[in-house]
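What follows is the residue order along each chain.
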Amino acid sequence: MPYSCKSLIVTPSEVAAHEKRLSICLRADGFSFSELSASGLLLTFGDAEGRHAMSMTAVMADVKAFFAEVGIRPLGYAAIEILALSDHSAWVPDELYSPAANRQYLKLVGSNAVSILSAPCPSLQATAVFAANDTVATAFKVALPGATVVNQHVRLASTPFCRRSQGHPVLLAHWRQGRIDYAVYRDGAYLFGNTIPFATDNEALFHTVEIIKSFGLETPDAELLMCGDATRERFALLRPYFPTATLFTGTHASFLNPAFKTLHTYRHALIL
């Protein structure tokens, strides 16, 4: 089987499928996934590694085989969300959006991507157009009935941070290899979301300071949240620029299996 299970934490439970959501984050070398109950109980976390097959049919077969191997029957879930990390994306207001113009939207942000997906964001009344491997994403979607495909910016714009920012501005930084996915929230609204590449951590600091200045985050109560590949050194680098700085660990969740204590949830916050 092309996908092998790198790690797996499972909580035996009687929670019915329609009371759970399955979240999947696609990577170039595999994917991670989690199961959460409607009450916020973290039931399962897994990490699969392996190269995605070239054809959609083969990917579909590999996905079904993997979940069967780990004992997950992906049917009847309340929600299944597939997160495709993208390096280039654009927001288009729903009243202006046309699928035929997807390639042009991305050209306006400097991308000549051939493989393009889109996802609506009801909370913004806008559609995200983004570069992603549509063969893999579509294969996962077909293999998992009822699944929706989004990118990280749709996910971040749909978090409860808008409510959190009613009292103070919030900057979220999701670190990954050579990229930071930023999201800015202020006065109860999502203001900005983009992916910015960096060559060194000092360059990442420069981009962060630019965002602080551009969106007026120099306040005595601004909050920084970091997740993803947020190392101790990176946290220490950005910490002095914010009155409050913490690691973002995803949706508040409880667990019964003590093995979850070993899981660095901030690294997988986008699917928790």
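Residues numbered from 1 in each chain as written. Predicted model: local features only at pLDDT ≥ 70, side-chain atom pairs only at ≥ 80, totals over all residues. Heavy atoms only, no water.

Engineer: If you had to explain the sheet that holds strand β5 (residues 79-84) to someone new, which residues and values would you point to?
Structural biologist: The six strands are arranged β1-β4-β3-β2-β5-β9 in an open sheet whose pairing can be described as mixed. Single-partner strands in this sheet number two, and they are β1 (4-10) and β9 (147-150). Within this sheet the neighbouring strands show an average axis-to-axis angle of 15 degrees, counted without direction. With eight bridges joining them, strand β2 (residues 20-27) and strand β3 (residues 30-37) adopt antiparallel strand pairing. Bridge pairing in β3 places Lys20 opposite Ser37. The strands touched by helix α1 (residues 56-69) are β1, β2, β3 and β4 (42-49); relative to β3, the strand with the most contacts, the crossing angle is about 50 degrees. Contacts from helix α3 (residues 134-143) reach β2, β3, β5 and β9 within the one sheet, and its direction differs from that of β2 by about 160 degrees. (Pairing = 2+ DSSP bridges. Helix = DSSP H or I, 4+ residues; strand = E, 2+ residues; numbered from the N terminus. Axes fitted to C-alpha atoms, helices over the stretch in contact; angles between N-to-C directions. Contact = heavy atoms within 4.5 Å.)

Engineer: Describe the environment of His88, and please don't skip the residues or the numbers.
Structural biologist: Its place among the elements puts His88 in the loop between β5 and β6 (89-93). On the accessibility criterion, His88 (33% relative accessible area) is partly exposed. When the C-alpha atoms of His88 and Ala131 are compared, they prove to be 5.6 Å apart, with 43 residues separating the residues in sequence. (Buried < 20%, exposed > 50% of the residue type's maximum accessible area, 1.4 Å probe, protein only.)

Engineer: Give a description of the pattern of salt bridges that names residues and reports values.
Structural biologist: Following the criterion strictly, the structure yields eleven salt bridges and no others. Residues Arg155 and Glu81 are paired through a salt bridge, measuring 3.5 Å at the closest nitrogen-oxygen approach. Taken together, the positions of Arg155 in helix α4 (residues 152-157) and Glu81 in strand β5 put the pair 74 residues apart, joining distant regions of the chain. With a closest N to O distance of 3.0 Å, Arg176 and Asp87 form a salt bridge. Taken together, the positions of Arg176 in strand β10 (residues 170-176) and Asp87 in the loop between β5 and β6 put the pair 89 residues apart, joining distant regions of the chain. Under the relative-accessibility criterion, Arg176 is labelled buried at 12%. (Salt bridge = Lys/Arg side-chain N within 4 Å of Asp/Glu carboxyl O.)

Engineer: Explain the environment of Gln177 to me, and be specific about the residues and the numbers.
Structural biologist: Secondary-structure assignment places Gln177 in the loop between β10 and β11 (179-186). For Gln177, a relative accessible area of 75% gives the class exposed. Sequence separation between Gln177 and Leu270 is 93 residues; the distance between their C-alpha atoms is 15 Å.

Engineer: Would you mind going over α3 in detail, with residue names and values included?
Structural biologist: Turning to α3, its buried residues are Val136, Ala137, Ala139, Phe140 and Ala143. End-on, the buried residues of α3 take up no more than an arc of 160 degrees, which puts them together on one face. Residues of α3 that are buried in the fold lie against β2, β3, α1, β5, β7 (116-121) and β9. Regarding α3, its N-cap is Asn133, as a side-chain oxygen of that residue lies 3.1 Å from the backbone nitrogen of Thr135 further along. (Arc of directions from axis to C-beta. Polar contact = N/O pair within 3.5 Å; in protein donor to acceptor, adjacent residues only side chain to side chain.)

Engineer: Give me the pairing of β5: which residues, what numbers.
Structural biologist: Note: β2 against β5, six bridges, orientation parallel. Bridging from a neighbouring strand, Ser23 pairs with Glu81 of β5. Pairing of β5 with β9, which is carried by four bridges, proceeds in the parallel orientation. Following the sheet pairing, Ile82 is matched in β9 by Val149.

Engineer: I'd like to hear about the pairing of β11, residue by residue, with values.
Structural biologist: A large share of β11 lies buried, amounting to six of its eight residues. Hairpin remark: β10 followed by β11, antiparallel, with two residues in the connecting loop; positive phi at Gly178, about 70 degrees. Direction of pairing for β11 relative to strand β12 (residues 189-197): antiparallel, over a ladder of eight bridges. What sits directly across from Val184, in β12, is Phe192. Here β11 folds back onto β12, and the loop between the two strands holds two residues, one of which, Asp187, carries a positive phi near 50 degrees.

Engineer: Would you mind going over the packing of aromatic side chains in detail, with residue names and values included?
Structural biologist: Under the defined criterion, the tally for this structure stands at 17 aromatic pairs. Ring centres 5.3 Å apart and planes at 75 degrees place the aromatic pair Phe33 and Phe67 in the edge-to-face group. Of the two residues, Phe33 is situated in strand β3 and Phe67 in helix α1; the sequence distance between them amounts to 34 residues. Here Phe33 matches Phe67 in class, with each residue buried. An angle of 80 degrees between the planes, with centres 5.6 Å apart, marks the rings of Phe66 and Phe67 as edge-to-face. Like Phe66, the residue Phe67 is buried in the burial classification. Here the aromatic residues Tyr3, Phe31, Phe33, Phe66, Phe67 and Phe140 are joined through ring pairs into a cluster of three or more. (Phe/Tyr/Trp six-rings, centres within 6.5 Å; stacked < 30°, edge-to-face > 60°.)

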